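The lines below spell out each chain.
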Amino acid sequence: MTCEEAEVLIHALIDGELDAGHAREVEAHVEGCAHCAALMKEYQEIRQAIAESDLSYKAPLELRRKIEKSLPQPQAQAAPTRRSVLRGFALGSAVSAMAATGLVAIVLRNDDEQRIENEVVSAHLRSLQAGHLTDVISTDQHTVKPWFNGKLDVSPPVIDLTAQGFTLIGGRLDYVNAREIGAVVYKRRQHVINLFVAQTANTERKAAKISTLQGFNIRRWSDRGLNYWAVSDLGADELTEFGDKFEGAMRANKEG
């Protein structure tokens, strides 16, 4: 076990979230590594200090009343006029005509992709906050993948790419497009890669595309009824390499 892997797993060890096998590995590493032993001691002291401190805050009842009072009150809607009804029918007819040509489908699809890319970047940013990156912490794909069973309609594929330079560190549940989906988490040096996976009705394969949003690169593709978004502050070339390695391993598993 490397120091980089141990630093990720020490938190889980302290919180009692590791299985017995991984707990023994981390403990053995800490016993022989002064750097990680010092980190573990520091984390334990922080955890103890937080446990002994009363950090919770209870908002006073008066604050609730002020907030409720400031909220806009529901207003009765005026009955629709004949003009507004006719305008609605006219708009519906125009949309129907555009839909017949396939134009609306293209516009909505592009808007939807942009909106979802915004959501996956937001989810990536949330995950970087302390304690939000993983629900299950493990470098073992046979620990991470079963954790998703029963939590989602379709469990995301979990591939061990450590030998290819991308360390699996765990997974979690997240929300994108108002749906609960799986996120498989990898690291390349100090860079986090969130791989978001969602089920789709379309089973056709869509080739990968790279885009950039808010300084983060996104590699998105679809395969075998699943949509993928890999999000990271890694350079586009390294994120492309990650996606290529992942897809290659998926093909090898299918052939095997």
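Residues numbered from 1 in each chain as written. Predicted model: local features only at pLDDT ≥ 70, side-chain atom pairs only at ≥ 80, totals over all residues. Heavy atoms only, no water.

### Things to note about the overall build of the protein
The criterion, for reference: Secondary structure elements follow DSSP: runs of H or I no shorter than four residues count as helices, runs of E no shorter than two count as strands, and numbering proceeds from the N terminus. Burial classification: accessible surface area is computed with a 1.4 Å probe over protein chains only, and a residue below 20% of its type maximum counts as buried, one above 50% as exposed, and the rest as partly exposed. A contact between two residues is defined here by any heavy atoms of the two lying within 4.5 Å. For accessible areas, the Shrake-Rupley method is used with a probe of radius 1.4 Å. Any residue's cover is judged against the shown protein chains and nothing else.
Across its full length, the protein holds eight helices and seven strands. Per-residue burial over the protein gives 36% buried out of 256 residues. Long-range contacts, defined here as pairs at least 24 residues apart, represent 60% of the contacts in the protein between residues at least 6 apart. Element-wise, carbon and sulfur atoms account for 53% of the exposed surface of the protein, whose accessible area totals about 15800 Å².

### Some words on a nonpolar patch on the surface
Counted only if it meets this: Only residues above 30% relative accessible area that lack a salt bridge enter a patch, with like-charged residues linked at up to 9 Å and the nonpolar side chains Val, Leu, Ile, Met, Phe, Trp and Tyr linked at up to 5 Å. What makes a salt bridge here is a side-chain nitrogen of Lys or Arg within 4 Å of a carboxyl oxygen of Asp or Glu, nothing more.
A cluster of nonpolar side chains, namely Leu63, Ile67 and Leu71, defines an oily patch on the protein surface of about 250 Å² accessible area. Along the chain, Leu71 falls in the loop between helix H4 (61-70) and helix H5 (82-101).

### Description of unusual backbone geometry
One non-glycine residue, Gln214, adopts positive backbone phi at about 55 degrees. Take Gln214: it is sitting in the loop between strand E5 (206-213) and strand E6 (216-223). Residue classification places Gln214 among the exposed residues on the basis of a relative accessible area of 52%. In this model, Arg224 sits at a positive phi of 55 degrees, which is unusual for a non-glycine residue. Topologically, Arg224 is positioned in the loop between E6 and strand E7 (226-232).

### Topic: the packing of aromatic side chains
What describes a pair of aromatic rings is the distance from one ring centre to the other and the angle between the planes of the rings. Short version of the rule: Here a pair means two rings of Phe, Tyr or Trp (six-membered ring of Trp) with centres within 6.5 Å. Their orientation is stacked below 30 degrees between planes, edge-to-face above 60, and tilted elsewhere.
The full count for this structure, using the stated rule, is seven aromatic pairs. Geometrically, the ring pair formed by Phe166 and Phe242 is edge-to-face, given 5.4 Å between the ring centres and 70 degrees between the ring planes. Of the two residues, Phe166 is situated in the loop between helix H7 (141-148) and strand E2 (167-176) and Phe242 in helix H8 (residues 236-255); the sequence distance between them amounts to 76 residues. As far as the burial class goes, Phe166 and Phe242 line up, both buried.

### With respect to the sheet that holds E2
In plain terms, the rule: Pairing between two strands is assigned when DSSP locates at least 2 bridges connecting them.
Within the open sheet, the seven strands sit side by side as E1-E2-E3-E4-E7-E6-E5. Their pairing is antiparallel. Strand pairing shows two members of the sheet lacking a second neighbour, strand E1 (136-137) and E5, which therefore form its edges. Here two bridges tie E1 to E2, and the two strands are oriented antiparallel to one another. Paired with Val136 across the strands is Gly171, a residue of E2.

### Some points on the side chain of Asn217
Defined as follows: Polar contact is the term for a pair of N or O atoms within 3.5 Å; when the atoms are in protein, one must be able to donate a hydrogen and the other to accept it, and sequence-neighboring residues count only if both atoms are side-chain atoms.
Considering the arrangement of structural elements, one finds Asn217 in strand E6. Polar side-chain contacts of Asn217 include one of 2.8 Å to the side chain of Thr212. Here the side chain of Asn217 touches Leu234 through a polar contact of 2.8 Å, landing on its backbone oxygen.

### Quick notes on the environment of Asp15
On the secondary structure map, Asp15 appears in the loop between helix H1 (3-14) and helix H2 (20-32). For Asp15 and Arg47, which are 32 residues apart along the polypeptide, the C-alpha to C-alpha distance reads 9.3 Å.

### Observations concerning the confidence of the model for the protein
For any part of a model where pLDDT is low, the fine detail of the predicted coordinates should not be relied upon. What counts is decided by this rule: What pLDDT conveys is the predictor's confidence in a given residue, as a value from 0 to 100.
Put simply, the protein has an average pLDDT of 81, and 80% of its residues get 70 or more. Here residues 101-108 is modelled with pLDDT under 50, and outside its nearest four sequence neighbours on either side it reaches four contacts, counting other chains as well.

### Let's talk about the pairing of strand E3 (residues 179-188)
Within E3, eight of the ten residues are buried, which leaves the element mostly enclosed by the surrounding structure. One ladder, built from nine bridges, connects E2 with E3; its direction is antiparallel. In the sheet register, Arg172 faces E3, and the bridge partner there is Ala183. A loop of two residues connects E2 with E3, the two strands running antiparallel in sequence, and Asn177 in this loop sits at a positive phi of about 60 degrees. As judged from the seven bridges shared by E3 and strand E4 (residues 191-199), these two strands associate in the antiparallel manner. Within the sheet, the bridge partner assigned to Val185 lies in E4 and is Asn194. Linking two consecutive strands that pair antiparallel, namely E3 and E4, is a turn of two residues; a positive phi of about 55 degrees is found at Arg189 within it.

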